[in-house]
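Here's the letter readout for the chains.
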Amino acid sequence: MDIVAVGEPLVQLNAVTRGPLRHVQYFEKHSTGSEANVCVAAARLGMRSGLITRLGNDEFGLFIRDWLRGEGVDVSRVVMDGEHPTGIYFVQRGYPVPGVSDVVYYRHGSAASFLSEEDVDRDYVRESRVLHTTGITLAISESARSAAMLAMDEARRAGALVSLDLNIRRKLWRNMDEAVDVVGKAMAKAGVVFMDEEEASMILGAEGVDAAFREAERRFGLTKVVLKLGRRGSVARWDGEEERVNAFEVPVEDPIGAGDAYVGVFLSSMLKGMGLRKSMVRASAAAAMVVTVRGDEENLPREGDIDVFLRGFGGDVD
Ligand code: KDG
């Protein structure tokens, strides 16, 4: 595998109309979940990606499994759990803040929260080029956290790149002290970390880009850090090289999933040997494409799509 990810796929029920959920009549069903999104982003670019997880053996679990399989993601390490349901969440769009989406989870006790070390196929992890997980998996349960930590250890020992997106979801942590402690332990195992400025402040106590890079290196020896700055683009430090790339301005339908599109396309592009700047521009393009529609995965680009998108913005990356 090029990329193996550990995490919880979820059914997203996205409000078709904007406004408070109590007045929304129609919801659209999408296959999502941060790590699954990264797997699909990679597969769309022709990479071999696979997901380690548990899904409920229910209609939603079957939907997600078949969707991922159809996208070319390896689902051979997905356990179908007959005892617990697939997690779901609703997306409320444009209320109270226009252009911003809010999530309402129904995932407590979900099948993926029962993910455990036993579900981690060590050979599968060891043979991957990149092992990816997020702070979401670290938050959903103790057993899922252990599974993610084990996979990170195995991958690191085998010489794979361990990728961690902090993805701090306040609704999933009991308190922020726990998040700081657990995410810090995971950062110590990672080779590359993705985060935004709020996460840098929360986890590293770092205000601003330079402080985030400095603290990540000082405390965790991290020389590969990517800061996602939303509408202001992204900035990365990669073994001494530093690049800053603007975001593309597009009409936003639903911003959820942009970060995963960025990570999946960035990692895939780096694995293809495209270099830091080009990988960041392509990742930004993918993030912009994803936010123009509802759903996290439908608008993820295939190779040709990125070039067409970039030409539409007056250039390409080379
Ligand atoms: O990054 C997008 C994800 O956050 C979304 O699909 C839901 O995985 C999700 C989560 O746990 O918030």
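Conventions we followed
Residues numbered from 1 in each chain as written. Predicted model: local features only at pLDDT ≥ 70, side-chain atom pairs only at ≥ 80, totals over all residues. Heavy atoms only, no water. Salt bridge = Lys/Arg side-chain N within 4 Å of Asp/Glu carboxyl O. Helix = DSSP H or I, 4+ residues; strand = E, 2+ residues; numbered from the N terminus. Buried < 20%, exposed > 50% of the residue type's maximum accessible area, 1.4 Å probe, protein only. 1 Å grid on protein atoms, 1.4 Å probe; cavity = no way out; pocket = protein on both sides within 12 Å on 5 of 7 lines; lining within 4 Å. Points joined across faces, edges and corners; volume = space filled by probe spheres on them. Nonpolar A, V, L, I, M, F, W, Y, C, P; charged D, E, K, R; others polar. Contact = heavy atoms within 4.5 Å. Near = heavy atom within 4 Å. Polar contact = N/O pair within 3.5 Å; in protein donor to acceptor, adjacent residues only side chain to side chain.

Enquirer: How should the pattern of salt bridges be read in this particular structure?
Expert: Any two side chains of opposite charge can pair, on the condition that their charged atoms come close. Scanning the model with the defined rule gives 33 salt bridges in all. As a salt-bridge pair, Arg93 and Glu253 come within 3.2 Å of each other at their nearest N and O atoms. Note that Arg93 is positioned in strand S6 (residues 88-93) and Glu253 in the loop between strand S13 (241-245) and helix H9 (258-271), a separation of 160 residues in sequence. Between Arg122 and Glu154 there is a salt bridge, and its shortest N-O distance comes to 3.4 Å. Taken together, the residues Arg122 in helix H3 (residues 122-126) and Glu154 in helix H5 (residues 142-158) connect sequence positions 32 residues apart. Residue classification places Arg122 among the partly exposed residues on the basis of a relative accessible area of 38%. We classify Glu154 as buried; its relative accessible area is 4%. Within this structure, Arg18, Glu28, Arg93, Glu253 and Arg294 form a network of salt bridges that share partners.

Enquirer: For this particular structure, what's the right way to read the layout of surface pockets?
Expert: Using a probe with the size of a water molecule, rolled over the atoms, empty space left in the structure can be pinpointed. Volume-wise, the second largest pocket comes out at about 330 Å³. Surrounding the second largest pocket, 18 residues form its lining, His108, Ala139, Ile140, Ser141 and Leu172 being those nearest its centre. Residue assignment for the lining of the second largest pocket shows that the elements contributing at least two residues are strand S7 (101-106), helix H4 (135-140) and H5. Of the residues contributing to the lining of the second largest pocket, the split by class is six nonpolar, five polar and seven charged.

Enquirer: Where do I start with the environment of Asn246 in this structure?
Expert: Take Asn246: it is sitting in the loop between S13 and H9. Judged by its relative accessible area of 60%, Asn246 is exposed. In this structure, the C-alpha to C-alpha distance between Asn246 and Glu154, residues 92 residues apart in sequence, is 35 Å. Not counting residues up to four positions away in its chain, the partners in contact with Asn246 are Gly233 and Ser284.

Enquirer: Even after reading the chapter, I still don't get the site of the ligand, so can you show me in this structure?
Expert: With respect to spatial proximity, 14 residues lie near the ligand, and among them Tyr105, Arg107, Arg169, Asp260 and Asp296 are the closest. Arg107 is positioned with one of its side-chain polar atoms (N or O) 2.7 Å from an oxygen atom of the ligand. Note that an oxygen atom of the ligand is positioned 2.8 Å from one of the side-chain N or O atoms of Arg169. Class assignment for the residues of the shell around the ligand results in five nonpolar, five polar and four charged.

Keep in mind these values describe shape, not function.
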